[in-house]
Amino acid sequence: MNKTNRFWEFVLFTLLATLVIIGSILFFLWQALSEEQLVSLSTMGTDYFLYIISIVFICAAVVFTGLSIIFHTYIKPLKKISAEASMIYTSNPSHRLSLTGNMDIKNLSSVINDFADIFEDLDKNITEQILVARKETEKERNLMAAIMAELPQGVIICNTSGRILLFNSLAKRIFTQETHSKRAEYFIGLGRSIFHLIDKDLIVHAIKEIEERLQNDKISVASYFITPIYTGRLVSVETIPVLDQEKQMTGFILTFQDVSDDIDRYENIEQTLFSFNKNLDDTIAHSKIFVEDLIEQTRNEREMASLYKNTLSKELTCLEDKSIQLSKFILDTTLNKQPLSKLPLNYFLSSIQKRVKEENGIQINLLNDNNNRRILADTYSFTVAFIFLIVNLSELTSKTTFTLEITSSNGEILFDIKWAENPTSQIQIENMLTKKIRALPSFGYVLKQNRADFKIIADDNQTCSQVRITSKAESKSLVTKKKRPAVIAASRPEFYDFDLFGIKDENLDLMDVNLKKITYTVFDTETTGLNPVGGDEIISIGAVRIVNSRIVYQDIFEELVDPKRDIPMESYKIHGLSYEMLKGKPDIENILPIFKNYTYDTVLMGHNIAFDMKMLKVKEKTTDVKFSNPVLDTLLLSACLHPVHEQHDMENIAKRLGVNIIGRHTALGDAIATAEIYLKLLPILNSNGIFTLKDAIAASQKTYYARLKY
């Protein structure tokens, strides 16, 4: 607006200066006149006052009309030429100047349009050459993406800040098995934090483990852990580092496998074998009793009875031993299918010893009979479970020194934790089994998950000074991998942006971040009317995200909302949503918490977003959901960049920038159109010296439209 008014400001200043000069001249002339001349002038002024006033107004009108013609013929067209010419080379090469003005302005517009034709042809030729050059590369990328889609594990790649920069379809399915979740885990997308999906402590532990192995020049540096996710499923996670040329970690790869069914299957097999062995024991016991009774009845054939007794007893005992061995073999074979790591015993023990000493001041004295063994366990959860047990024992016994004796027997590793004096209650120790360990399930469940047993070695019926954990030792796997079907290369179905590797977000002030590096949630609402405080309700919310200056079309939010009231015909004609279509849909109290999680850690953007924010504002009391994100409005940005244009509605802006609107007056369609408009405005913002979020907000607040209130 200020740029548009500069011409009139100059005119006003010129007129005031002219009036001051004319007034000064008249003042000096008035002083030089005689008394008779002054009387004559006064009489003429009184007699011809109306004529003089008329002449003054006519002159002013002529001057104003002339200046207005000059402004609209020369000044305003020049301003439009400047604005629209920059639009051609920054955002829309197809845009052409169509201006009214004098012949010189029209000739200048024609010359610029000719250059624009040349520029557009050149741009198209360069684009075609780039497309041809990319054709072979695109095939390879599509093949890679298709292979990624068919991997037997879900894959997520993150930068060092934990921001997601690649994920495949299986990973998305694993974490989005439930719809309408009120938690952030429901949303998996580029630029989002992995810590919304997996507990941060688990990943930090894995990274530390990897860094230690890298420092020791280990070949195998991957780290494994098992964790429950918000859907209630258990997933096995492998963490692999991404290193640069200097072997510094620039990110990490997480591979996921849903192991819930495998674990359930193992538990079913275990229960079935337990039941079978119990029945077999009962049968053998009954058989022995039957044989003994039979022998008693055949005393006259003592030699025959003795022979049968010894032979049958041995056979039954042998059958019992074979049953136990078969059960162990089946369980071990099944166990090898479970995602437990082969964990070096030495590494495991030193890790526990070091951590409890540094974090809790507890001394562990190790007695290990075999330093080269490996145990089958989940690195993170089994380590945390051991530390949890020792810390709780220390609190119960007031002891800070424990002995950990390790022995091996029949494919098992026995961990005996002992302490001198201060025996503690068995009941208190048993209660530990139900206690939850931070983000993990209960202590007892973690042991079960690691195929470990817990036993109290009692001093008497009430107290003890020793507990034992029995874990599986490493065994050879007899399991063969399932064969998967052939991979068919298709169009790229995966979601990735490797430019996110270079983005760091620790301790950043969002207001000073470059506009191109900000993650945006672009959204729109459809409502029953235009009066937020008068009872009108939201009936639809649509949103899409912009990550690293790219619209992520796969990461959308689209929900219909039951307004629990009628919809006026005037509104229905605009968005086409009727009460019958919305009846039974989730209400705003259920939708807004989900949308709040979707917008987490982003800048909100919309077109005339003040109205949408007001609709959200009036729902704060009933939903207890408050949106405190920074906000940008494409309406204000357009008015700031192109003040010479009078129309800043979505259709006119899109037309100027060459954006095709699909699905107008649907929440998601308008949100996508707004996102495309913003990306077209972005280079124009930069060319006007607007680079950061703070710059954009400050520029928006100076426009006339920023004064509008709802």
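This text goes with the structure placed above it.
So, a few notes on the structure that sits alongside this text.

The subject of this paragraph is the overall build of the protein chain. Counting its regular elements, the protein chain contains 21 helices and 19 strands. By residue count, 42% of the 710 residues in the protein chain fall in the buried class. Excluding contacts between residues fewer than 6 apart, the proportion of contacts in the protein chain whose partners are at least 24 apart in sequence is 69%. As displayed, the protein chain has an accessible area near 39,600 Å², and 55% of this comes from carbon and sulfur atoms.

Reading across the sheet, the five strands line up as β17-β16-β15-β18-β19 and stay open at both edges, with mixed pairing between neighbours. Sheet topology places β17 (550-560) and β19 (631-633) at the edges, where each strand pairs with a single neighbour. Taken pair by pair, the neighbouring strands of this sheet meet at an average axis angle of 25°, ignoring direction. Pairing between strand β15 (residues 520-527) and strand β18 (residues 603-606): three bridges, direction parallel. Looking at β18, one finds that Val522 is bridged to Met605. Lying over the sheet, helix α16 (residues 609-617) contacts β15, β16 (538-547), β18 and β19, oriented at roughly 75° with respect to β15. On the sheet, helix α18 (residues 634-641) packs against β18 and β19 and is oriented at approximately 55° with respect to β19.

Another point: the packing of aromatic side chains. Applying the stated rule across the entire model yields 15 aromatic pairs. Ring centres of Phe348 and Phe382 lie 5.4 Å apart, and the angle between their planes is 15°; this geometry places the pair in the stacked category. Of this pair, Phe348 sits in helix α9 (residues 345-360) while Phe382 sits in helix α10 (residues 379-397), and the two are 34 residues apart along the sequence. Neither Phe348 nor Phe382 differs from the other in exposure class; each is buried. Taken together, a centroid distance of 5.1 Å and an interplanar angle of 70° make the contact between Phe386 and Phe415 edge-to-face.

Further remarks concern helix α19 (residues 650-657). Residues of α19 that are buried: Met650, Ile653, Ala654, Arg656 and Leu657. Looking down the long axis of α19, one finds its buried residues gathered within 160° of arc, a one-sided arrangement. Elements that come into contact with the buried residues of α19 comprise α3 (49-90), α18 and α20 (667-687). Downstream of α19 by a residue or two, Gly658 has a phi angle that is positive, lying close to 75°.

Turning to the pairing of β17, a few remarks are in order. Pairing of β16 with β17 involves eight bridges; the strand directions are antiparallel. By the bridge assignment, Val547 is partnered in β17 with Arg550. From the end of β16 to the start of β17, which pair antiparallel, there are two residues, and Asn548 there has a positive phi angle of about 55°.

Let us now look at the nonpolar core. Within the largest apolar cluster, 67 residues are counted, with the highest numbers of intra-cluster contacts made by Ile156, Phe348 and Phe415. Excluding anything up to four places from it in sequence, Ile156 contacts Ile164, Leu166, Phe167, Ala171, Phe175, Ile188, Ile194, Leu197, Phe252, Ile253, Leu254 and Phe256. With 32 residues, the next largest nonpolar core counts Val522, Ile653, Ala675 and Tyr678 among its residues.

Moving on: a nonpolar patch on the surface. Residues Trp30, Leu41, Met44, Tyr48, Tyr51, Ile52 and Val56 make up a contiguous nonpolar surface patch of roughly 750 Å² in combined accessible area. Structurally, Val56 can be placed in helix α3.

Mapped onto the elements, Lys619 comes out in the loop between α16 and α17 (620-623). Separated by 81 residues in sequence, Lys619 and Ile538 place their C-alpha atoms 9.8 Å apart.

Residues separated by three or four positions in an α-helix point in the same direction, a consequence of the helix having 3.6 residues per turn. Three or more residues of helix α15 (residues 588-598) are buried, namely Ile588, Ile591, Leu592, Pro593, Ile594, Phe595 and Tyr598. Turning to α15, the residues buried within the fold contact β15, β16, β17, α16 and α17.

A complete count under the given rule lists 13 salt bridges for this structure. The salt bridge partner of Arg468 is Asp416, with a shortest N-O separation of 2.7 Å. A residue pair is termed long-range when its members are at least 10 positions apart, and Arg468 in strand β13 (residues 463-472) and Asp416 in strand β10 (residues 412-418) qualify at 52 residues. A salt bridge links Asp566 to Arg565, with the shortest nitrogen-to-oxygen separation between them at 3.8 Å. Since its relative accessible area comes to 23%, Arg565 is described here as partly exposed.

Examined against the element boundaries, His648 turns out to sit in the loop between α18 and α19. For His648, the side chain forms a polar contact with the main-chain oxygen of His642, separated by 3.5 Å.

Reading guide: rules and limits
Here the residue numbering is sequential within each chain, running from 1 through the sequence in written order. Local features are withheld for residues below a pLDDT of 70 in this predicted model, meaning they are given only at 70 or higher, and side-chain atom pairs are given and counted only at 80 or more; totals for whole chains, interfaces and linings count all residues. To get the side-chain values, take all heavy atoms of the structure and skip hydrogens and water. By the criteria applied, helices consist of DSSP H or I runs no shorter than four residues and strands consist of E runs no shorter than two, each listed in order from the N terminus. For every residue, the accessible area obtained with a 1.4 Å probe (protein chains only) is divided by the maximum for its type, and the residue is called buried under 20%, exposed over 50%, and partly exposed between those limits. Contacts were defined at the residue level, with two residues in contact if any of their heavy atoms lie within 4.5 Å. A 1.4 Å probe and the Shrake-Rupley method give the accessible areas. Residues count as covered only by the protein chains that appear here. By the convention used here, strands pair only if DSSP detects at least 2 bridges between them. To define axes, lines are fitted to C-alpha atoms, for helices over the stretch in contact only, and angles between the resulting N-to-C directions are given on a 0 to 180 degree scale. Ring pairs shown here join Phe, Tyr and Trp side chains whose ring centres sit within 6.5 Å, with only the six-membered ring taken for Trp; geometry is labelled stacked below 30 degrees between planes, edge-to-face above 60, and tilted in between. To be clear, the arc concerns the directions from the helix axis to the C-beta atoms. Residues belong to a common nonpolar core when they are buried Ala, Val, Leu, Ile, Met, Phe, Trp, Tyr or Cys residues joined through side-chain atoms within 4.5 Å. Each patch is built from residues that are more than 30% exposed by relative accessible area and take part in no salt bridge. Like charges join if they lie within 9 Å; nonpolar side chains (Val, Leu, Ile, Met, Phe, Trp, Tyr) join within 5 Å. Think of a salt bridge as a Lys or Arg side-chain nitrogen and an Asp or Glu carboxyl oxygen that are within 4 Å of each other. As used in this structure description, the phrase polar contact means that two N or O atoms lie within 3.5 Å; if the pair is within protein, one of them must be able to donate a hydrogen and the other to accept it, and residues adjacent in sequence are counted only when both atoms belong to side chains.

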